[in-house]
Amino acid sequence: MDVYEVFKRSGHKEPFAHAGAVIAPDSEMALIMAKECFLRRREGEHLWVTRRSDIHSFSDESLLEIAADKSYRFPEAYRDVVTKREKAKVRAKEVMAERNAS
Amino acid sequence: MTYDEKLARFNEHIEDGGKVETNDWMPDDYRRGVLKFVEMHANSEIMGALPERECLPIAPSLRRKMSLAAKIQDEVGHAQLLYRVAEDLGKSRDTMFHDLVTGRSKFHNVFHYPVRHWGDVAIIGWLIDGAALVTQAALRDSSYAPYARVLKRICAEEQLHLRHGEHITMELSAGTDEQRAMFQEALDRWWLPIIHFFGPRSNVAKDLLLRWKVKTRTNEDLRQEFLDRYVPKILELGYTFPTPVPYRDADDYLVRDEDIDWEPLNDIKKNQGPETERRLTWRRDIYETHRWVRDAMAEPAVHAA
């Protein structure tokens, strides 16, 4: 018997997501059990199973951290666009007033 | 079931808003159409990285350089996601890449043009990414589900790029006369290509991708959304438009069909744009000089004993 991890897609717009696990002698039985456990009430429209031993991950989670300051990858880094936008509008008004005067 | 019966059932499925997965039965024209469309999108992402790449050395600060580099990396990443979707439809990545660098396949018109200064980065980041976001957001409802799912992730990142581009635009626009002139000069060069970006009016009767809902909206509909959203913002910043100059009609900003010169787009469709040859050569050179990286990564790790 092996542990099979179960992945479920709840709709065509969603990616497969982890739903849980079952214990089964082979992948065919794992799928039947997964269907019974995770699609009892049409909670999704597709299932995958894969042996837990076939899943690879990081043994050291600290390796998942971003190595240096990369704050510019995040929306917060551009939050001051609001004040910049206001300054630009004020500046534009000056420019347009000068243009109209000349 | 005969082919005609399968086709009828497929059409009905699409008509009802049904989605298509890679291993589902689909007509050959659907498969070919989606493949060509996604391949062109992937090509555009990887070629689209180059004009901005050319601007990296002229970034005005280290911070701007790092954020532009991060954005370029995102675009290349989008190409990888999209090539993966296209590959599953039956054309290898190697073949797609070969067709791109030898000029047999196409990429979006805006990436065939030169960049001259930092004003170009503002235009690309704000208006071209803004135009791309209008079209890509509509494609999140595409009938080809693997494409629609990948676009969710791509659109989330494009949203950030748009913010990045607007940030640069607003900094230039609040700045000196010289800074504002840079934006205006870039706008003068890019406006027509941006109008072209959405393509000529769709032929709804003939366009199979529209009928099969791979594309969900017409070219002119998407262009109109872009104009309505961005023209007022550009006017508010005190800039002026070259031909085709948008005019206001009730709540819409329209451009006249007869004001759009399509000749430059026709040249680009033949891969004869101003920068086509140089950029494709550059892309080919990068592919060759980086071959050792791909080769090295294709081998399993060798661990020291």
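Residues numbered from 1 in each chain as written. Chains lettered and ligands numbered in written order. Predicted model: local features only at pLDDT ≥ 70, side-chain atom pairs only at ≥ 80, totals over all residues. Heavy atoms only, no water.

Caption draft 1: Up close: helix α6 (residues 145-173) of chain B. Residue and element names in this part refer to chain B. Taking 1.5 Å per residue as the helical rise, α6 with its 29 residues ought to reach 42 Å, and the 41 Å between its terminal C-alpha atoms agrees with that figure. If you look at α6, its biggest bend is around 25°, right at Lys152. In terms of residue burial, α6 counts as a mostly covered element, since 23 of its 29 residues are buried. (Helix = DSSP H or I, 4+ residues; strand = E, 2+ residues; numbered from the N terminus. Expected span 1.5 Å × (residues − 1). Bend = angle between axes of the 7 residues up to and from the residue. Buried < 20%, exposed > 50% of the residue type's maximum accessible area, 1.4 Å probe, protein only.)

Caption draft 2: Region of the structure containing unusual backbone geometry. Geometrically, the link from Thr243 of chain B to Pro244 of chain B is a cis peptide bond, its omega value of -5° lying close to zero. The residue Pro244 of chain B is located in the loop between α9 (219-236) and β1 (247-249) in this model. The residue Arg42 of chain A is not glycine, and still its phi comes out positive at about 50°. Inspection of the secondary structure assignment puts Arg42 of chain A in the loop between α1 (27-38) and β3 (46-51). The phi dihedral of Lys213 of chain B is positive, around 60°, even though this residue is not glycine. Turning to its location among the elements, Lys213 of chain B is positioned in the loop between α8 (208-211) and α9. Lys213 of chain B gets classed as partly exposed once you look at its relative accessible area, which sits at 30%.

Caption draft 3: Geometry of the packing of α6 of chain B against helix α7 (residues 177-197) of chain B. All names here are of chain B. Contact geometry of α6 with α7 gives a least axis separation of 7 Å together with a crossing angle of 130°. One finds that α6 runs oblique with respect to α7. Note on element contacts: α7 touches α6 through Gln179, Arg180 and Phe183, opposite Thr169, Glu171, Leu172 and Ser173. Tallied by class, residues from the contact of α6 with α7 come to 2 nonpolar, 3 polar and 2 charged. (Axes fitted to C-alpha atoms, helices over the stretch in contact; angles between N-to-C directions. Parallel < 35°, antiparallel > 145°, perpendicular 65-115°, else oblique. Contact = heavy atoms within 4.5 Å. Nonpolar A, V, L, I, M, F, W, Y, C, P; charged D, E, K, R; others polar.)

Worth remembering: the numbers are spatial, not functional.
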